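# Overview (structure and organization)
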Amino acid sequence: MDPVPQPPLRRTPVQQRSAERLARILDACAELLDETGYEQLSTRAVAIRAGVPIGSVYRFFGNKRAMAAALAGRNLDRYAERITTRLAAAGRVDAYSAIDGVLDEYIAMKRTVPGFALVDFGVPAPPVDEGSGEHPNHLVADRLCGLLAIHLGRTADDVLRRKVLVGVEAADALLQLAFRTDPSGDPGLVAETRELLYAYLAPSLT
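Here's a quick rundown of the structure. (Residues numbered from 1 in each chain as written. Predicted model: local features only at pLDDT ≥ 70, side-chain atom pairs only at ≥ 80, totals over all residues. Heavy atoms only, no water.)

Think of a pair of aromatic rings as described by two things: how far the centres are apart, and how the planes are tilted against each other in angle. Across all of its chains, the model carries seven aromatic pairs by this definition. Here a set of aromatic residues connected by ring pairs shows up, and it is made of Tyr-79, Tyr-106, Phe-116 and Phe-121. Directly above the ring of Tyr-38 sits Lys-64, whose terminal nitrogen or CZ lies 4.6 Å from the centroid. (Phe/Tyr/Trp six-rings, centres within 6.5 Å; stacked < 30°, edge-to-face > 60°. Lys NZ or Arg CZ within 6 Å of the ring centre and 35° of its normal.)

Take a look at the structure:
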C-alpha cells in the first residue's frame, strides 16, 4: 500500500450528527470498494449510497483518495481496539498469545470487514507527492509496538520498534500471498506466517 496523505479530512466533525454522517460516508465507501473496486469508486456513488448530498462528501474530502485514506485510518483504529479488547480479556498475556491476537484479528478483519480487502491501512493508488504521509506499515508497527509494550510490560524502545516493523513487513508480504492464493487466506501460508512471527518476534517480546 502507498503512503496515506495526512490529514485526510478537510473538516473534523464536532457535532454528533456530523460524525454520524461521516460514518455513513465511510461505510458506503467500504461497501462500494467491495462491489466496484477502487478504480471505479467515485464520490458521487458514495454520496448516493450513503444517502447524503454530494456536498456533504466534499465537506470532508477533496477526492476519493482522501476518502479512502480516512477509511484506512478508521480501519487502523478499529484494529487497535480489537487487539486491545482481546488482550485485556485474556488477562495474563505472553509473547505467543500476543502474536496470535495481532495476527488473528487482522485475518478476521480481512475476511469480514467491508472494503478491507482493498483498503486495509493504506490506499491502493499512487500519492500525488511521494514524500507525503508515512507508510502504512510504519503506522501499524508504531501502534502495535505501543499496545504490545503495555500488555507485556515492555518498554517501547527503538529496538522493539524495529523488531515489530520487520515483523509487520514480513507478515504483510506473506498474508498478501495467502489471500491472493485463497480469498479466505490460504491456511498453510497463514500457519507459516504465524511460525515466522513466533520465531522472529516472540524472543523480543519476552
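Quick look at the environment of Ala-50 now. By the secondary structure assignment, Ala-50 is in helix H2 (residues 43-50). The class of Ala-50 is buried, set by a relative accessible area of 11%. Separated by 22 residues in the primary sequence, Ala-50 and Ala-28 have C-alpha atoms spaced 5.4 Å apart. Dropping the residues within four chain positions of it, Ala-50 is found in contact with Arg-24, Ile-25 and Ala-28. (Helix = DSSP H or I, 4+ residues; strand = E, 2+ residues; numbered from the N terminus. Buried < 20%, exposed > 50% of the residue type's maximum accessible area, 1.4 Å probe, protein only. Contact = heavy atoms within 4.5 Å.)

Let us now look at the nonpolar core. Among the nonpolar cores identified, the biggest contains 37 residues, and Tyr-79, Leu-144, Val-164 and Leu-205 are the most heavily contacted of them. Put simply, the parts of the chain that give this core at least two residues each are helix H4 (64-90), helix H5 (95-112), helix H6 (136-152), helix H7 (158-181) and helix H8 (187-205). Sequence-distant contacts of Leu-205, that is, excluding residues within four places in its chain, are made with Ala-95, Ile-99, Leu-148, Leu-152, Arg-154 and Leu-160. Grouped together as the second largest cluster of nonpolar side chains are 26 residues, Ala-30, Tyr-38, Val-57 and Val-123 included. (Core = buried A, V, L, I, M, F, W, Y, C linked by side-chain atoms within 4.5 Å.)

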